[in-house]
Amino acid sequence: MINNNFNIPSSEDNLFTGIKECAEVKKLLSGMFAEDEPLYYIETFGCQQNEADSERLAGLCCAMGYKETANIKDASLILVNTCAIREHAEKKALSIIGEMKHIKEKNPRLIIGVGGCMPSQRHRAEKLKMSNPYVSFTFDTGAIHLVPSLVLGALKGGKRQFVFSESFGITEGIPTKVKNPYKAWLSVMYGCNNFCSYCIVPYVRGRERSRRPEDILREARMLVENGAKDITLLGQNVNSYGKDFDNTNIASLMREICKINGDFRLRFMTSHPKDASDELIAAMAEEEKIVPHFHLPVQSGSDRILERMNRKYTREKYIGIIEKLKKAVPDVSITSDIIVAFPGETEEDFSDTLSLLREVEYDMIFSFIYSPREGTPAAKMPDQIDRAVANDRYARLLSLQDTITDKRNARFVGRTLKVLCEEESKNDPQMMTGRADTPRPIHFKGDPSLKGQFVNVKITKSDLFCLSGEIEK
Ligand code: SAH
Ligand code: SF4
Ligand code: F3S
């Protein structure tokens, strides 16, 4: 199926062209910072898409001649990459941006830029413009490649800028500074066409567009050469990848990536049930490098609510996919997102969600109380749910899922899992933390020299939030 909603630029004409501006910024900075170094600080909120975008922002900062600082007060350039998925996410970002007023007062040459999903809504950008005069510029999610020219404008003392992309495209070749070389994000598509009635994402990330397979494969090869051991393919709706082209889809893309030589594994986030194809399930069953974990958000177990959410599937259809998945990949870990207290949700609808949890037996869920988003259809629905009812349902949902998660985690005790050692445990420096096929972290005794390596860990104990074990020699 060809998607004609946008123009897909070719690999040649969509290359990043901001290197000239980066060099100009660098030149200006070398004059302004004779004694001290220009430092950047990036604050990131939201999902993995934003994490990946922040790696691009970091790459651009380095290309402009800034060095990273972990201390916001030392920065000469602060970029805030915001999220707008729920009210709480926006409030958190706004509060941090509010505090920056004091940092700016002490450091008048500080440049503050706000990007991501929040200022991709005009009313939010307008508010930032009026209420936060120390913010030099805002940029929407389609304008990351323009950051060097925005910084240049601010350094030259130009007018404050508030960028809205007329159409969201794809820019290849933006410099990237990865946070963790062995755990890589790889964006394969951007945007969303689904317009679930509660969700702001299609309005702030534009329509679906897929990167060309050759560009993705080139990047995947480079990541593996640079030591990536765990690659997550990213997209708002990653299993609709390739609809812009005639001859590819997420399953064939993943099979191609699996052919790259190297000891690495492949994940994907996140999937919409309407596009969870048999081909994708078969790829997971057959390809050793694909992690047997499927994040397949259901949102609600009630057909009535699914329809009001505009999710385009029924409970029965969803369960059908889960059954196929469990049959093809017997030890699969399944996770989901759930929204409680969607407008009009009755106690009966909610108990349908509870019964779905029992039926599927998710390894883990991410659950959210519905949050009205300005401009979405659900925000205008009349029967919004009382906060106390929402809190009560939320607590009951968590409590049920805890017992299911406990049971699911316990199945690993006694087994040996191949774990990618990621970092020191936060509570005990002698312990390391890593991940296997299960979405839960795994703790084991080890030292930091193991970081980035696969180790075999025999699981001895399971808790609600993690597994623990010992390295097998
Ligand atoms: N594209 C992904 C979801 C991205 S948003 C997908 O469809 O799977 C992540 C999750 O946030 C959603 O799955 C949903 O559960 C939740 N969410 C989105 N909008 C919300 C809202 N207005 N209120 C509460 N939760 C919301
Ligand atoms: Fe939002 Fe639905 Fe798109 Fe996911 S599929 S990003 S929930 S509109
Ligand atoms: Fe948030 Fe935007 Fe991701 S709204 S969840 S950062 S796509």
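Here the structure is shown first, and the text comes after it.
K.L.:
Can you explain the site of ligand 3? Please cite residues and give values.
P.N.:
In the neighbourhood of ligand 3, the contacting residues comprise Gly-46, Cys-47, Asn-50, Cys-83, Ala-84, Ile-85, Cys-117, Arg-205 and Gln-236. Class assignment of the residues belonging to the shell around ligand 3 gives a composition of five nonpolar, three polar and one charged.

K.L.:
With reference to specific residues and values, describe unusual backbone geometry.
P.N.:
Cis geometry marks the peptide bond from Met-269 to Thr-270, where omega comes out at -15 degrees. Relative to the elements of secondary structure, Thr-270 occurs in the loop between strand 11 (265-269) and helix 9 (278-286). The phi dihedral of Gln-299 falls on the positive side, at around 75 degrees, and the residue is not glycine. A positive phi angle, near 65 degrees, is found at Ala-341, a position not held by glycine. By secondary structure assignment, the location of Ala-341 is in the loop between strand 13 (333-340) and helix 12 (347-360).

K.L.:
Talk me through the sheet that holds strand 18 (residues 454-462); I want residue IDs and the actual numbers.
P.N.:
Pairing in this closed barrel of five strands is mixed, and the strands run 15-16-17-19-18 around the ring. Strand-to-strand twist in this sheet, taken as the mean axis angle between neighbours without regard to direction, amounts to 50 degrees.

K.L.:
Run through the site of ligand 2, naming residues and quoting values.
P.N.:
Lining the immediate surroundings of ligand 2 are Cys-192, Asn-194, Phe-195, Cys-196, Tyr-198, Cys-199, Val-201, Pro-202, Gln-236, His-272 and Arg-311. For the shell around ligand 2, the residue count by class is seven nonpolar, three polar and one charged.

K.L.:
Report on the packing of aromatic side chains, specifying residues and quantitative values.
P.N.:
Counting across every chain of the model gives six aromatic pairs. Taken together, a centroid distance of 6.0 Å and an interplanar angle of 45 degrees make the contact between Phe-137 and Phe-139 tilted. Each member of the pair, Phe-137 as well as Phe-139, carries the same accessibility label: buried. For the pair Phe-342 and Tyr-370, a centre-to-centre distance of 5.4 Å together with 70 degrees between the ring planes defines the contact as edge-to-face. Residue Phe-342 is found in the loop between strand 13 and helix 12, and its partner Tyr-370 is found in the loop between strand 14 (364-369) and helix 13 (387-410); the two are separated by 28 residues along the sequence. Tyr-370 matches Phe-342 in its accessibility class, with the two residues each being buried. An aromatic cluster is defined as three or more aromatic residues linked by ring pairs; in this entry it consists of Tyr-198, Phe-342 and Tyr-370. Over the ring of Phe-454 we find Lys-418, and its NZ or CZ is 4.4 Å from the ring centre.

K.L.:
I'd like a description of the pairing of strand 4 (residues 111-116), backed by residues and values.
P.N.:
With six of its six residues buried, strand 4 lies for the most part within the structure. Of the two faces of strand 4, both are covered, the one formed by Ile-111, Gly-113 and Gly-115 as well as the one formed by Ile-112, Val-114 and Gly-116. By the bridge criterion, six bridges tie strand 3 (residues 77-82) to strand 4 in an arrangement that is parallel. Across the sheet, Thr-82 pairs through a bridge with Gly-116, a residue of strand 4. As for the winding sense of the linkage, the β-α-β connection from strand 3 through helix 3 (residues 87-106) to strand 4 is right-handed. Pairing geometry for strand 4 and strand 5 (residues 137-139), over two bridges, is parallel.

K.L.:
For the side chain of Asp-230, give the residues involved together with the corresponding values.
P.N.:
Residue placement: Asp-230 occurs in strand 10 (residues 230-234). Sequence-distant contacts of Asp-230, defined by excluding residues within four places in its chain, comprise Tyr-182, Lys-183, Ala-184, Arg-265, Arg-267, Leu-420 and Arg-435.

K.L.:
Please provide a residue-by-residue account of helix 4 (residues 122-131), values included.
P.N.:
Each α-helix turn comprises 3.6 residues. Residues three or four places apart therefore point the same way. By the burial criterion, the buried members of helix 4 are Arg-124, Ala-125 and Leu-128. The buried residues of helix 4 all sit within an arc of 100 degrees when viewed along its axis, so they share a single face. Exposed side of helix 4, more than 90 degrees from the buried face: Arg-122 and Met-130 are the residues found there. The inward-facing, buried residues of helix 4 contact helix 3, strand 4, strand 5 and strand 6 (161-163).

K.L.:
Kindly report on the packing of helix 11 (residues 315-328) against helix 12, identifying the contributing residues and their values.
P.N.:
Each pair of packed helices can be summarised by the angle the axes make with each other and by the distance between the axes. For the pair helix 11 and helix 12, interaxial distance at closest approach is 11 Å and the crossing angle is 15 degrees. With respect to each other, helix 11 and helix 12 are oriented roughly parallel. In this structure, the crossing between helix 11 and helix 12 has a hand that is right-handed. Contacts from Arg-315, Tyr-318, Ile-319, Ile-322 and Lys-326 of helix 11 reach helix 12 at Asp-352, Ser-355, Leu-356, Glu-359 and Val-360. Here the residues of the contact of helix 11 with helix 12 sort into five nonpolar, one polar and four charged.

About the criteria used
Residues numbered from 1 in each chain as written. Chains lettered and ligands numbered in written order. Predicted model: local features only at pLDDT ≥ 70, side-chain atom pairs only at ≥ 80, totals over all residues. Heavy atoms only, no water. Near = heavy atom within 4 Å. Nonpolar A, V, L, I, M, F, W, Y, C, P; charged D, E, K, R; others polar. Helix = DSSP H or I, 4+ residues; strand = E, 2+ residues; numbered from the N terminus. Pairing = 2+ DSSP bridges. Axes fitted to C-alpha atoms, helices over the stretch in contact; angles between N-to-C directions. Phe/Tyr/Trp six-rings, centres within 6.5 Å; stacked < 30°, edge-to-face > 60°. Buried < 20%, exposed > 50% of the residue type's maximum accessible area, 1.4 Å probe, protein only. Lys NZ or Arg CZ within 6 Å of the ring centre and 35° of its normal. Right-handed = clockwise from strand over helix to strand, strands pointing away. Contact = heavy atoms within 4.5 Å. Arc of directions from axis to C-beta. Parallel < 35°, antiparallel > 145°, perpendicular 65-115°, else oblique. Left-handed = near helix turned anticlockwise from the far one by under 90°.

Keep in mind that these numbers describe shape and distance, not what the molecule does.
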